[in-house]
Amino acid sequence: MNKIIGIAFGALLAGGLATAAVSQQAVRGKLQPTDDSSEAEGRFRIDLTDRRTTRKRERLQAWGRGLDTTADDDGGRPVYDLWLIDGDDNEVDFGDVRLKRSGVFLFRAKYPHADFPEGVESLDDFAGGTIEVRDADGTAILDGTIPDFIDVDEENEPGSHAAARARDKSRLRPPAADEGEDESDAVGGMLARYVNRPRTVREMYVVKVAHLDPDAGPYDVIAIDGSTEIDLGEIETSGRREHGKLRVDTKNDDEIPGGGLLDLSQLDVEVRDADGNVVLRGTFPRIE
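Residues numbered from 1 in each chain as written. Predicted model: local features only at pLDDT ≥ 70, side-chain atom pairs only at ≥ 80, totals over all residues. Heavy atoms only, no water.

The subject of this paragraph is the overall build of the protein chain. The helix and strand tally for the protein chain stands at two helices and 17 strands. Of all 288 residues assigned to the protein chain, the portion counted as buried reaches 42%. Counted over contacts in the protein chain with a minimum sequence separation of 6, partners at least 24 positions apart contribute 61%. When the accessible surface of the protein chain is split by element, carbon and sulfur atoms take 39% of a total near 16,000 Å². (Helix = DSSP H or I, 4+ residues; strand = E, 2+ residues; numbered from the N terminus. Buried < 20%, exposed > 50% of the residue type's maximum accessible area, 1.4 Å probe, protein only. Contact = heavy atoms within 4.5 Å. Areas by Shrake-Rupley, 256 points an atom, 1.4 Å probe, with all protein chains shown as cover.)

The step from Tyr111 to Pro112 runs through a cis peptide bond, and the omega angle for that step is 10°. On the secondary structure map, Pro112 appears in the loop between strand 7 (105–111) and strand 8 (130–134). With an omega dihedral of 0°, the bond running from Gly217 to Pro218 counts as a cis peptide bond. Located in the positive-phi region is His211, a residue other than glycine, with phi close to 65°. Secondary-structure assignment places His211 in the loop between strand 12 (201–210) and strand 13 (219–225). Backbone geometry at Asp253 places phi at a positive 65°, although glycine is not the residue there. Looking at the secondary structure, you find Asp253 in the loop between strand 15 (244–249) and helix 2 (261–264). When its relative accessible area of 73% is taken as the criterion, Asp253 is described as exposed.

Here the focus is the pattern of salt bridges. Applying the stated criterion across every chain yields a total of 11 salt bridges. In this structure, Asp47 and Arg45 form a salt bridge, with 2.9 Å as the shortest nitrogen-oxygen distance. What makes Asp47 buried here is its relative accessible area of 10%. For Glu229, the salt bridge goes to Arg272, with nearest N and O atoms at 2.8 Å. (Salt bridge = Lys/Arg side-chain N within 4 Å of Asp/Glu carboxyl O.)

Tracing the backbone shows Glu58 in strand 3 (residues 57–65). Put simply, Glu58 is tucked away with no salt bridge, and the nearest opposite charge, on Lys56, sits 4.5 Å away. Of the polar contacts made by the side chain of Glu58, one reaches the backbone nitrogen of Leu123; its length is 2.7 Å. The residues touching Glu58, leaving out its near neighbours within four places in the chain, are Asp47, Leu48, Ala109, Lys110, Tyr111, Phe116, Ser122, Leu123 and Asp124. (Lys, Arg positive; Asp, Glu negative; His and termini not counted. Polar contact = N/O pair within 3.5 Å; in protein donor to acceptor, adjacent residues only side chain to side chain.)

The next subject is the side chain of Asp47. Here Asp47 is to be found in strand 2 (residues 41–51). A distance of 2.9 Å separates polar atoms of two side chains, one belonging to Asp47 and the other to Arg45. The residues touching Asp47, leaving out its near neighbours within four places in the chain, are Gln25, Ala26, Arg57, Glu58, Arg59 and Gln61.

The element strand 8 is extensively covered by neighbouring structure, given that four of its five residues are classed as buried. Here strand 4 (residues 81–85) pairs with strand 8 via five bridges, running antiparallel. In the sheet register, Leu82 faces strand 8, and the bridge partner there is Val133. Where strand 8 meets strand 9 (residues 140–145), five bridges bridge the pair, whose relative direction is antiparallel. Bridged to Arg134 within strand 9 is Ala140. (Pairing = 2+ DSSP bridges.)

With 60 residues, the main nonpolar core has Leu60, Phe94 and Tyr205 as its most contacted residues. When neighbours within four sequence positions are excluded, Tyr205 is seen to be in contact with Leu191, Ala192, Leu232, Leu246, Arg247, Val248, Ile256, Pro257, Leu261 and Phe284. (Core = buried A, V, L, I, M, F, W, Y, C linked by side-chain atoms within 4.5 Å.)

With that out of the way, let us pick up a positive patch on the surface. Positive charge collects at one region of the surface, where Arg57, Arg98, Lys100, Arg108 and Lys110 lie side by side. Tracing the chain through its elements places Lys110 in strand 7. By relative accessible area, Lys110 is classed as partly exposed at 47%. (Patch = residues over 30% accessible without salt bridge, like charges linked within 9 Å, V, L, I, M, F, W, Y side chains within 5 Å. Charge placed at Lys NZ, Arg CZ, Asp CG, Glu CD.)

Attention now goes to the pairing of strand 12. Most of strand 12 is tucked away, with eight of its 10 residues classed as buried. Taken together, the 10 bridges between strand 11 (residues 187–196) and strand 12 define a ladder with antiparallel strand orientation. Each bridged residue has a counterpart across the sheet, and for Asn196 the counterpart in strand 12 is Val201. Between strand 11 and strand 12, which follow one another and run antiparallel, lie four residues. Examined bridge by bridge, strand 12 and strand 15 share six bridges and lie antiparallel to one another. Within strand 15, the residue paired with Val207 across the bridge is Leu246.

See below:
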């Protein structure tokens, strides 16, 4: 993850990376045999990804082993389809699963790269429903319950089999940069990430700056909520590019100031030198 953050910030500080908030929801579960004598088993996962600048992307996966591969009289291998049933008992055939001679099977589809079956607008419609692997006669061989999706700000409990995450990045600019009046070479960027899993919530943010005079530091990063100022941390700069970084991560037992990322989301942010002068300004990444 550190390498990915480094690449993202390299592009961000160079001015070549547009900001894009991303929220992701995922559920998963087991596929259990409907016949107690069957040794078939499997798993499934459904992902919903919503980007600010593009359409929602969705992914449906199912995999497992133990399906009957006995050929028919013409030597044809059995055909199994993946079905989803919503809470109102509406059934939709999502197509064939790929079956190997060993009985291992796999289904994988990405939308909108692939077309949804007729009448389906989102996999979200099947939350709380059922997923089944059926044979050519329409008999369910494996089935499982599709958990409800959760949002990042919802309480998550062990056994939910659901997770949500959000991430975003933003630029920090010299105060007069938008008016074209500032000749400062200073640049900065922020990245924030929130992960909500059944047993843990992880929050982190990184602030990275470059071309700030080390002699004018240390630099304070401040979020502004009306008349309230929230100290996000301190940055020292050094090196040829006069760069510095602040990282706050609950994985490292750091405390997120201001009540957490959900409360910091989209607040005004300032980077100030040791004398209190604002050298960079921007907005905290959007986490929702």
